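The lines below spell out each chain.
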Protein chains: 2
Amino acid sequence: MNPLLKKNVPLPLYYQIEEYLKQKIEEEEFEAGRMIPSERELSERFEVSRMTVRQAVTNLVNAGVLYREKGKGTYVAEKKIEQPLKGLTSFTEDMKKRGMTSSSRLLAFDVIEAPRDIREKLNLEEGKKVYGIQRIRMADEKPMAIENTFMPKELLPDLSEEIVQGSIYNYVEHELGMAISQARQIIEARAADEEEANYLNIPPHSPVLHIERKSFLAHNVPFEVVKSTYRADRYKFITDIDR
Amino acid sequence: MNPLLKKNVPLPLYYQIEEYLKQKIEEEEFEAGRMIPSERELSERFEVSRMTVRQAVTNLVNAGVLYREKGKGTYVAEKKIEQPLKGLTSFTEDMKKRGMTSSSRLLAFDVIEAPRDIREKLNLEEGKKVYGIQRIRMADEKPMAIENTFMPKELLPDLSEEIVQGSIYNYVEHELGMAISQARQIIEARAADEEEANYLNIPPHSPVLHIERKSFLAHNVPFEVVKSTYRADRYKFITDIDR
DNA sequence: GTTTTCTAGTTGTCTATACCAGTATGATAT
DNA sequence: ATATCATACTGGTATAGACAACTAGAAAAC
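Before going into details, it helps to say that this report is about the structure given with it. (Residues numbered from 1 in each chain as written. Chains lettered and ligands numbered in written order. Predicted model: local features only at pLDDT ≥ 70, side-chain atom pairs only at ≥ 80, totals over all residues. Heavy atoms only, no water.)

1. Observations regarding the protein's contact with DNA strand D
Then comes step 1: Every one of the 27 residues lining DNA strand D counts as a neighbour, but A:Arg50, A:Arg68, B:Leu13, B:Tyr14 and B:Thr52 are closest to it.
Then comes step 2: Restricting attention to atoms of DNA strand D within 4 Å of the protein, one finds that 67% of them are sugar or phosphate atoms.
Then comes step 3: Contact between DNA strand D and B:Tyr14: a phosphate oxygen at 2.6 Å from a side-chain N or O atom of the residue.
Then comes step 4: Here a phosphate oxygen of DNA strand D and a side-chain polar atom of B:Thr52 are 2.5 Å apart. (Near = heavy atom within 4 Å. Polar contact = N/O pair within 3.5 Å; in protein donor to acceptor, adjacent residues only side chain to side chain.)

2. What about the environment of B:Val53?
Residue and element names in this part refer to chain B.
Then comes step 1: Here valine 53 lies in helix α3 (residues 50–62).
Then comes step 2: Measuring from C-alpha to C-alpha, the distance between valine 53 and glutamate 39 comes to 6.2 Å, with 14 residues separating the pair along the chain.
Then comes step 3: Apart from the residues lying within four places of it in its own chain, the contact partners of valine 53 are Ile17, Glu39, Leu42, Ser43 and Val48. (Helix = DSSP H or I, 4+ residues; strand = E, 2+ residues; numbered from the N terminus. Contact = heavy atoms within 4.5 Å.)

3. Some thoughts on the protein's contact with DNA strand C
Then comes step 1: By nearness alone, 26 residues border DNA strand C, and A:Leu13, A:Tyr14, A:Thr52, B:Arg40 and B:Arg68 come closest of all.
Then comes step 2: Backbone atoms, meaning sugar plus phosphate, form 64% of the atoms of DNA strand C positioned within 4 Å of the protein.
Then comes step 3: At 2.5 Å, a side-chain N or O of A:Thr52 approaches a phosphate oxygen of DNA strand C.
Then comes step 4: Elements represented by at least two residues in the surface near DNA strand C include exactly α1 (13–26) and α3 (50–62) of chain A together with α2 (39–46), α3, β1 (66–69) and β2 (73–76) of chain B.
Then comes step 5: Ranked by the residues each element gives to the surface near DNA strand C, the list is headed by α3(A), at four residues.
Then comes step 6: Class assignment of the residues belonging to the surface near DNA strand C gives a composition of six nonpolar, eight polar and twelve charged. (Nonpolar A, V, L, I, M, F, W, Y, C, P; charged D, E, K, R; others polar.)

Structure below.
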């Protein structure tokens, strides 16, 4: 029996071939732009039919790991550019990816009646309470952003300052079992007002990057509105687009 | 011969089956959440082998149109929510979506030796030529942004002012048959310099939104670098995130 | 009535084969 | 030297069948 594949294991052969190919690419035995063995070659080597090899290769082509050229061969694709901000990242994760340490100073943790714009953005009725959390976010010990977070009290009845000091997203996803599925961000340039300039330790009227993020749970339930003001001299927003 | 498929036409059978299924879904003969005929049923109806039907269905599953449940059947997926600004949009499309008319004033259309930063971003060797295109972008007849586009001459040897006045993306995709697959954008806030303020008709040192976009063709071939400067009082950047 | 077993139907995996359609290369004819 | 052709590769499409894994419901056993 061919020792390359385990035929007594419940893993499909095509899946094992996928793993084999991915590993060889990882080990750079098959390099980007180089051809991998042909389908017929692989089918002989693994002692499986060519259709089985094709299933493995097709999956990797769909995943963007390989690409085929008719009459020529199948090649290893260039790695996709790294997705720094794909998905939702917390400030902490974001700074970590940028190679900076992050810390934060809690300025306010209140339960307030939702102001009108927040109420509308969170689809709340008049009089409903929200958490209003204000923090200074620091990167490498220096101020990076002011962050104002609003979340409906009814969705998180037991939110505390301690939890806020840790990872709110972690708490929501793992403790409460709610998944944040989508978000929309609106990004604009502004001039810092006196208060912002003061907190961020920059001259008044300096340009700042203002980001408003609205996050949704499953079924498009609004979950939070975060208004952030970043120092423009320290922060650039990066976003990748796949078509 | 089975009249449902044209066997004397160069279109693959699996492709014709895909089209058939998509049409039935479009016509709501197969509704969301409802089961489509089984693979065996389809293979009999079309008088093709089941593997051919599977190829069609697999493609639609990968495209998110259908989903399979082992032992039960194959179902029509719910339509995805429309992504307003997902994907790469041209200035024209962007303004259209925002309900504004767009126009543009060409300030420069040059072929120049690539400056160092552009050369590095486009992976070009020293001395290679690039198009340098400068435009004022107007929305509702008023200045909205300054746009500086750089594209390698070798990728588009026959680019002309006329093409630039139209849709470059259209030209690239449909005339040249190259597909733009990915892009990265870096967004930051700045204070407008004298020249920018002048072109955009805003006070000097006003905040502006600076967006640098780098687009890629297939296989991560860099295709263009666009540096845009938007009036912050008129433009907000919106981005949606799916997890 | 409740539980278990059977059965028919579904998708999942896999084989062995065939022929088509592009590509590259070397032999051959000009 | 330069075309042209033959050939031997590559991936693309398609067949007919087999058995496995899973689901739902009907039939049988209790």
